Protein chains: 2
Amino acid sequence: MKATFLTGPKQIRVAEVPEPQLNPAGSGKDAIVRVVAACVCGSDVWPYRTARAGMQPRPTGHEFVGVVEAVGPNVKNVKVGDFVITPFYVCCGECINCQRGWTNQCLHLGWYGAGVPGEGYAEGGQSAKVRVPLADGTLVVVPGADEHNEEQVKDLLTLSDVMATGYHAAISGGVGPGKSVAIVGDGAVGLCAVIASKILGAERIVMMSRHEKNQKLAVEFGATDIVPLRGQEAVDHLKEMFDGIGPDCVLECVGTREAMAQAIQSARGGGQVGFVGVPHEGGSLDLGLMFGTNVGVRGGMATVRDYIEPLLERVQAGEIHPGKVFDMVFSLDDAAEAYAAMDERRAIKSMIRP
Amino acid sequence: MKATFLTGPKQIRVAEVPEPQLNPAGSGKDAIVRVVAACVCGSDVWPYRTARAGMQPRPTGHEFVGVVEAVGPNVKNVKVGDFVITPFYVCCGECINCQRGWTNQCLHLGWYGAGVPGEGYAEGGQSAKVRVPLADGTLVVVPGADEHNEEQVKDLLTLSDVMATGYHAAISGGVGPGKSVAIVGDGAVGLCAVIASKILGAERIVMMSRHEKNQKLAVEFGATDIVPLRGQEAVDHLKEMFDGIGPDCVLECVGTREAMAQAIQSARGGGQVGFVGVPHEGGSLDLGLMFGTNVGVRGGMATVRDYIEPLLERVQAGEIHPGKVFDMVFSLDDAAEAYAAMDERRAIKSMIRP
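Presented here is an overview of the structure given in this document. (Residues numbered from 1 in each chain as written. Chains lettered and ligands numbered in written order. Predicted model: local features only at pLDDT ≥ 70, side-chain atom pairs only at ≥ 80, totals over all residues. Heavy atoms only, no water.)

**Focus on the overall build of chain A**
Tallying secondary structure elements over chain A gives 12 helices and 18 strands in all. Over its C-alpha trace chain A gives a radius of gyration of 20 Å, about what one expects of a compact globule, namely 20 Å for 354 residues. Overall size of chain A, expressed as C-alpha extent along the three principal axes, is 60 × 40 × 40 Å. Here the contacts in chain A between residues at least 6 apart in sequence split such that 68% fall between residues at least 24 apart. (Helix = DSSP H or I, 4+ residues; strand = E, 2+ residues; numbered from the N terminus. Rg over C-alpha atoms; globule rule 2.2 N^0.38 Å. Contact = heavy atoms within 4.5 Å.)

Structure representation (structure tokens):
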């Protein structure tokens, strides 16, 4: 079968690899999933840019939906033929952290392209098929999903990461009824944070964006204001927009120092920053500023598995259409082009159909 | 009258200065307060240790209770003879931040030992008398308080900073019914954080303490566990105590990098750190760790004025006795000794009676 690998700086190679098999040496809780659609994450683009020449090829992709082809003997909730969504990680569903609603802190957490200790390897998501080690804990079954309905597949695929991550930004940032929200980062995650802020009841949703295509989608998703500024100008403008003191909540959806600094500086005293941008540049926060302003910071890797079901209800009710972030679609053979389109900002987000 | 000044490293001088007068050039909203009791803050001890020889003498003290001796023509809520508590800052009570319950973000914020722009100077709190620039916004009247009842005065004095700051740590750390809480820092603020955690309904309250006197008071205030460890040992022990994943909330009441790192590392995934220790050592947080663990960080300078009334109710009901943190009492003439006792940890907290 085909699978995708990062092989060097801006080098993506699609290679022929053996198909995954159920693992008789594991707990028997695995499943083989035929990938219906996968996609490229903003967090895939960073290593794509910074990879070293001559590196060990690395399997790529962690967001996908698919159809179950086989299940291990101890799988209970997932059966052959089910259409499933995976969060971008593997989780057991049984440990204390999974049980209390923090599956991203699962004590048996595993990764696509790596696997779970004792349970064996899991392919990267940008493959024709993937072995999912702890299927019951990880996968969410979507009854009645139609793999040939591309619009539906797009919506469902976002629940694997990007929509759930935007939602996590909003939850972590304390978004709620009547709140004012500013979103730093107009990529797919930031755009999904607009949807999330809207469904959580925010009164004003400001998207910081200088890209026309993204601005348009932000407004379609529910942004009430577009501010095409950055840095100190952006901070000053946001302060002025909201009573001279800034918005209640700022959602950081980039991962750079500049974006985080802008977020913390923009929020009103006692406000909250929700962050989901992977901190690429090493991390440090200005604790002195946080002390004086009482702006809280919370977030990180989204606990996606816990959000899929509630968000799925809204997708199935036709209430939200996060799938619109996929503005370009590629075959698996063209995965390199899917990356290039994201890297060059030609695509907001690239979908890949094996 | 007498007032206290920091004049060099570990040098406190009590000097004779002119009595404060109402300021006819200001807004007429000021009051003169005769100080009944003041105290030494943990945040006073840091500059005491690090002051430079030959420095410009600096007025000290920002926590006091007293009796009103005079009020400006535009003061409405405070009258001569009233017993009053001040938060450790001056606030107007009228701006948008004061109105929304964030008086520590007041747009006219002022400091004892400095004053308010346009409203003139305010003496340091460790003085015989203090001019309070924006009296209506700042002062809380306590009807029926008896300045000769030392136990009562002690309880009321804590509402000026230390009890309210401990409460802010707990609020910022998300303490609530059924939660498990660990407190880093067994000084007066940390001890008040025990009281706060208890009244907010925490189920388990762990005080990290290696000092017998402080341990005893922590237990008296409601701590359920004492852990006399630090650093990695403390982190490992706390993780183990709570299902292998650590407590829900950790309250940082020290202000060092080590204490903050320990707090973030100790909290369970998705937990929360509330911090009130003034970041003395420059500030930076491990954003990578926060990203992975989803531990939030929130806090800083306590919004004391907003907490005084609800905490006063509990003091007046006899429900809490935070005044027990004052284990040594000094005259104003002995202010230098009050500092030395705190610096050398002979006192948990020093009260000063002019």
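There's more to say after this.
**Comments concerning unusual backbone geometry**
Most of the time, phi is negative for any residue but glycine, and the peptide bond is trans. Residues and elements named next belong to chain B. With a phi angle near 55°, Lys-10 is a residue other than glycine that sits in the positive phi range. Examined against the element boundaries, Lys-10 turns out to sit in the loop between strand S1 (2-8) and strand S2 (11-16). Notably, Asp-243 is not glycine yet its phi reads approximately 60°, a positive angle. Relative to the helices and strands, Asp-243 resides in the loop between helix H8 (231-241) and strand S14 (249-252).

**So, the relation of the copies chain B and chain A**
When chain B is fitted to chain A, the best match, at an RMSD of 0.0 Å, comes from turning it 180° and sliding it 0.0 Å along the axis. Interpreted geometrically, this transformation is the action of a two-fold axis. When you check the interface residues of chain B against chain A, 100% turn up at the interface there too, and the contact is symmetric in its surfaces. (Least-squares fit on C-alpha atoms with pLDDT ≥ 70 in both.)

**So, the sheet that holds strand S1 (residues 2-8) of chain A**
Residues and elements named next belong to chain A. On the basis of which strands lie adjacent, the open sheet formed by 3 strands has the order S2-S1-S4 and antiparallel pairing. The open sheet has two edge strands with one neighbour each: strand S2 (11-16) and strand S4 (58-59). Helix-sheet contacts for helix H1 (residues 42-50) involve S1, S2 and S4, and the interaxial angle to S1 is about 45°. (Pairing = 2+ DSSP bridges. Axes fitted to C-alpha atoms, helices over the stretch in contact; angles between N-to-C directions.)

**Section: the environment of Ser-172 of chain A**
Residues and elements named next belong to chain A. Looking at the secondary structure, you find Ser-172 in helix H5 (residues 162-172). As a C-alpha pair, Ser-172 and Gly-296 span 124 residues in sequence and 9.7 Å in three-dimensional space. Setting aside chain neighbours within four positions, we find Ser-172 in contact with Gln-272, Val-273, Gly-274, Arg-298 and Gly-299.

**Here's the deal with the nonpolar core**
Residues Val-325 of chain A together with Val-325 of chain B are the most contacted members of the largest nonpolar core, which totals 203 residues. Leu-6, Val-40, Val-45 and Met-342 of chain B belong to the second-largest nonpolar core, a separate cluster that totals 17 residues. (Core = buried A, V, L, I, M, F, W, Y, C linked by side-chain atoms within 4.5 Å. Buried < 20%, exposed > 50% of the residue type's maximum accessible area, 1.4 Å probe, protein only.)

**Some details on the interface of chain B and chain A**
Of the residues lining the interface, 38 residues belong to chain B; the matching set on chain A comes to 38 residues. Looking only at chain B, the three residues that lose the most surface to chain A are Leu-287, Phe-291 and Asn-294 of chain B, adding up to 24% of its buried area. Across the chain B-chain A interface, the total number found is 0 salt bridges. Those elements that place two or more of their residues in the side of chain B that touches chain A are helix H2 (96-99), strand S15 (272-275), helix H10 (287-293) and strand S16 (296-299) of chain B. When residues of the side of chain B that touches chain A are assigned to their parent elements, the largest contribution, 6 residues, is made by H10 of chain B. (Buried area = accessible area lost by both parts, 1.4 Å probe. Salt bridge = Lys/Arg side-chain N within 4 Å of Asp/Glu carboxyl O.)

**As for the pairing of strand S11 (residues 180-184) of chain B**
All names here are of chain B. Most of S11 sits out of view: 5 of its 5 residues are buried. Taking every second residue as pointing to the same face, both faces of S11 are buried, with Ser-180, Ala-182 and Val-184 on one and Val-181 and Ile-183 on the other. Bridge count for S11 against strand S12 (residues 204-208) is 5 bridges, and the pairing is parallel. Its bridge partner being in S12, Ala-182 is matched across the sheet by Val-206. Taking the sense of rotation as the criterion, the β-α-β connection linking S11, helix H6 (residues 188-199) and S12 turns out right-handed. Pairing between S11 and S14: 4 bridges, direction parallel. Bridge pairing in S14 links Val-184 to Glu-252. (Right-handed = clockwise from strand over helix to strand, strands pointing away.)

**Considering empty space enclosed by the protein**
This structure, assessed with the given rule, holds 1 cavity of 30 Å³ or more. Lining of the largest cavity is provided by 12 residues; of these, Leu-287 of chain A together with Gly-255, Thr-256, Arg-257 and Met-260 of chain B occupy positions nearest its centre. Across the lining of the largest cavity, the residue classes break down as 4 nonpolar, 5 polar and 3 charged. (1 Å grid on protein atoms, 1.4 Å probe; cavity = no way out; pocket = protein on both sides within 12 Å on 5 of 7 lines; lining within 4 Å. Points joined across faces, edges and corners; volume = space filled by probe spheres on them. Nonpolar A, V, L, I, M, F, W, Y, C, P; charged D, E, K, R; others polar.)

**What about the pattern of salt bridges?**
Counted by the stated rule, this structure contains 44 salt bridges over all chains. The residue Asp-82 of chain A makes a salt bridge to Lys-79 of chain A at a minimum N-O spacing of 3.2 Å. Here Asp-82 of chain A falls in the buried class, since its relative accessible area comes to 8%. Judged by its relative accessible area of 54%, Lys-79 of chain A is exposed. With its nearest N and O atoms 2.9 Å apart, the salt bridge here joins Asp-225 of chain B to Arg-204 of chain B. With a gap of 21 residues between them, Asp-225 of chain B in strand S13 (residues 225-227) and Arg-204 of chain B in strand S12 connect regions that are remote in the sequence. Ionic contacts of the salt-bridge type, sharing partners, join the residues Glu-19, Arg-34, Glu-69, Lys-129 and Glu-147 of chain A into one network.

**Observations regarding the side chain of His-62 of chain A**
Relative to the elements of secondary structure, His-62 of chain A occurs in the loop between S4 and strand S5 (64-71). You can call His-62 of chain A buried: its relative accessible area is 13%.

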